[in-house]
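# Architecture at a glance
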Amino acid sequence: MAKVRDKIASIAFGDIVGRGLGFFTSVYLARMLGADSYGLIIVALSWLGYFVWVSELGLMNIGTREIAKEPEKRVFRAKEIFIVKLWLGLTVFTLCYFIVPTLNMPELQRKLILGFSFSLIPYALFMEWYYNGRQHFGKVALARIVNGGVYFALVLLFVHSSDDIEKVPGLYTIGIISSTLVLGIFALFNKPFALPSRGWGVFKDLFQSASTIGLGTFFGQLMILYPPIAIGLFQSNLHAGWYGASIRVIIIVLLLDKIFYRLYLPNISSLWTTKKDLAIQNLDYVIRIMIVMGTALSLFVSIASTEILSVVFGEEYAPAGPILTALSLYIVLTFMNSIFSFGLVAINKDKEFFHSKLAGGVIAAILITLTAYFGDAPFAAAGVTLSELIIMLFAFTWFSRFIKIKVAIPFIVSIIIAAIIFIGSSFINLNPFVEASLSVIILLPLLFAVGVVNRDQIKWMKDRVI
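Residues numbered from 1 in each chain as written. Predicted model: local features only at pLDDT ≥ 70, side-chain atom pairs only at ≥ 80, totals over all residues. Heavy atoms only, no water.

### With respect to the overall build of the chain
Along the backbone of the chain there are 19 helices and 0 strands. By residue count, 55% of the 466 residues in the chain fall in the buried class. Long-range contacts, defined as pairs at least 24 residues apart, comprise 84% of the intrachain contacts of the chain with a sequence gap of at least 6. In the structure as shown, the chain presents an accessible area of about 19,800 Å², 69% of it carried by carbon and sulfur atoms. (Helix = DSSP H or I, 4+ residues; strand = E, 2+ residues; numbered from the N terminus. Buried < 20%, exposed > 50% of the residue type's maximum accessible area, 1.4 Å probe, protein only. Contact = heavy atoms within 4.5 Å. Areas by Shrake-Rupley, 256 points an atom, 1.4 Å probe, with all protein chains shown as cover.)

Next up, the structure:
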């Protein structure tokens, strides 16, 4: 089996190049379209995110988890997962085709949403879940790179001003088709459907399990997808564009979280069935490392927020600096949330995963709506961060019922130290990137000194990565 460092390299390469190309595409669109038109794209993509959620529910997570197991221990087979995923995708696309034109919103916004919905068909055929479960991360990396590269190239060729905005959904769909074809070609040789499906009874059970996880995932996705919709509805497309640029920075930083999650879910699923004590020890070490990494990244982004947006997206997005600062804590909160939430999925606690998301998600939805309605965009962004904290706390509560790990004190201490450094940086007048870098340099040894992370945990991570 490949070493952890090799798996990380494959995942990182695919995510950094593939998602990096997506990020550059977003930057290009933001500059070419302007903040107002870019806000329309952000809102339309948020709607697409919800359509994709309905078309997949929890099938991606279930697929990764089941394929990671030995074939005789799988509850659901690859063919069964693929069939249900395809059926859901086609159903949701059909509903979108008839419902979207009736929505009460500007005609251009309806056209964009309907245009993006065509990507649901290749999404339904996309077999990333299978190759993640098999831990063939290089193949997934190639698919991501092809997707990002095709979409980016097409946007460069065909989008040059806000007049070209209606071309974007079609170009996006072509990018998804290209990555789906890549994994489809691999599937011809890997024969993932060697075992036949077992009939409607299994499909029903799979749909029920997917619905349970999917409803929980809904509230996790709410944090990314709903705020642009709420800001665009209650404020303006301009503010939605500013928020969209800010959250894109957060998403690119959270690539580290994606790398961790795609390693974490299949590995813990496998280890939990054989060596629970070792799984718990590994989780403790990983959590400490993730606290340190997440806190450092949050601190850097919070201090350099305005400069980051100005350099990357242009001066038109500089007023969004306070939005990005308000979102910065979201990074470390998401790191923790991923461990607790998908840890429950990894150990087959699907219902507990759903319950952990339900209460926190309802509160978050209300909070985001209120902050977007009564406040400005930075206030709404603060509501998003607070909502992520609430969801994380609910996830931790359920997670701790099955796995006892001391994480509260290290997390709180890390946040307090970072907050003190952030306040102190406001009294220093240096280049924001220099201030942010110096702040992180001060933070890391302090976290080591107070015991948030120790030598054994650092050595453990170093041995697996290097």
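What follows picks up the thread again.
### Focus on the packing of helix α17 (residues 408-425) against helix α18 (residues 432-449)
Running from N to C, α17 and α18 point in directions that differ by 150 degrees, and their axes come no closer than 10 Å. The orientation of α17 with respect to α18, classified from their angle, is roughly antiparallel. For the pair α17 and α18, the crossing hand works out as right-handed. Across the interface between the two elements, S414, I417, A418, I421 and S425 from α17 touch E435, S439, I442, L443, L446 and L447 from α18. Counted by class, the contact of α17 with α18 contains 7 nonpolar, 3 polar and 1 charged residues. (Axes fitted to C-alpha atoms, helices over the stretch in contact; angles between N-to-C directions. Parallel < 35°, antiparallel > 145°, perpendicular 65-115°, else oblique. Left-handed = near helix turned anticlockwise from the far one by under 90°. Nonpolar A, V, L, I, M, F, W, Y, C, P; charged D, E, K, R; others polar.)

### Quick look at the nonpolar core
Among soluble globular proteins, nonpolar side chains are generally buried collectively. Ranked by internal contacts, the top residues of the largest apolar core, which has 105 residues, are I250, F313, M336 and F340. Of the residues forming this core, the biggest block, 17 residues, is contributed by helix α1 (residues 4-56). Apart from residues no more than four positions distant in its own chain, M336 is found in contact with I287, M290, I291, M392, V407 and F411. Counting 26 residues, the second-largest nonpolar core is a separate cluster that includes F76, V84, M127 and L183. (Core = buried A, V, L, I, M, F, W, Y, C linked by side-chain atoms within 4.5 Å.)

### Brief notes about the confidence of the model for the chain
Put simply, the chain has an average pLDDT of 81, and 84% of its residues get 70 or more. When the elements of the chain are averaged for pLDDT, helix α11 (residues 255-272) gives the smallest value, 63, and helix α13 (residues 321-327) the largest, 93. (pLDDT = per-residue confidence, 0-100.)

### Describing helix α16 (residues 377-399)
Taking 1.5 Å of rise per residue, the 23 residues of α16 would be expected to cover 33 Å, and the 33 Å separating its terminal C-alpha atoms lies within 8% of that figure. Where α16 begins, the capping side chain belongs to D376, and its oxygen is found 3.0 Å from the backbone nitrogen of F379. (Expected span 1.5 Å × (residues − 1). Polar contact = N/O pair within 3.5 Å; in protein donor to acceptor, adjacent residues only side chain to side chain.)

### Some remarks on a nonpolar patch on the surface
Taken together, L233, F234, L358, V362, I366, L370, Y373 and F374 make up a surface patch of nonpolar side chains, about 800 Å² in accessible area. Counting only elements with at least two residues in the nonpolar patch, the list comes to α9 (200-234) and α15 (350-374). The greatest single-element share of the nonpolar patch, amounting to 6 residues, is contributed by α15. Looking at the element boundaries, L370 is found in helix α15. Looking at L370, the relative accessible area reads 43%, which means it is partly exposed. (Patch = residues over 30% accessible without salt bridge, like charges linked within 9 Å, V, L, I, M, F, W, Y side chains within 5 Å. Salt bridge = Lys/Arg side-chain N within 4 Å of Asp/Glu carboxyl O.)

### Some thoughts on the packing of aromatic side chains
Going through the model one piece at a time under the given rule, you end up with 15 aromatic pairs. Aromatic pair F313 and Y317: ring centres 5.6 Å apart, planes at 50 degrees, arrangement tilted. Judged by relative accessible area, which is 2%, F313 ranks as buried. Among the residues examined, Y317 registers a relative accessible area of 1% and is labelled buried. Taking the centre distance of 4.8 Å and the plane angle of 85 degrees together, the rings of Y373 and F374 count as edge-to-face. Take Y373 and F374: they sit in the same class, and that class is exposed. Aromatic ring contacts, followed pair by pair, group F23, F24, Y38, F313 and Y317 into a single cluster. It is R401 that lies over the ring of W398; its NZ or CZ is 4.0 Å from the centre. (Phe/Tyr/Trp six-rings, centres within 6.5 Å; stacked < 30°, edge-to-face > 60°. Lys NZ or Arg CZ within 6 Å of the ring centre and 35° of its normal.)

### Regarding the environment of Y131
Within the fold, Y131 resides in helix α6 (residues 128-133). Remark: the alpha-carbon pair of Y131 and P192, spanning 61 residues in sequence, is separated by 9.5 Å. With residues near it in sequence (within four places) discarded, Y131 still touches H136, F137, K139, V140, L183, F186, A187 and N190.

### What about the packing of helix α7 (residues 137-158) against helix α8 (residues 168-190)?
Where α7 meets α8, the closest approach of the two axes is 8 Å, and the angle between their N-to-C directions is 155 degrees. Relative to α8, the element α7 lies roughly antiparallel. For the pair α7 and α8, the sense of crossing is right-handed. Two secondary-structure elements touch here, α7 through K139, V140, L142, A143, V146, N147, V150, Y151, L154, V155 and F158 and α8 through V168, L171, Y172, I174, G175, I176, S178, S179, V182, L183, F186 and N190. Among the residues making up the contact of α7 with α8, the classes are represented as 17 nonpolar, 5 polar and 1 charged.

### Observations regarding the side chain of T180
Inspection of the secondary structure puts T180 in helix α8. Overall, T180 belongs to the buried group, its relative accessible area being 9%. For T180, the contacting residues outside a window of four places in its chain are P122, L125 and F126.

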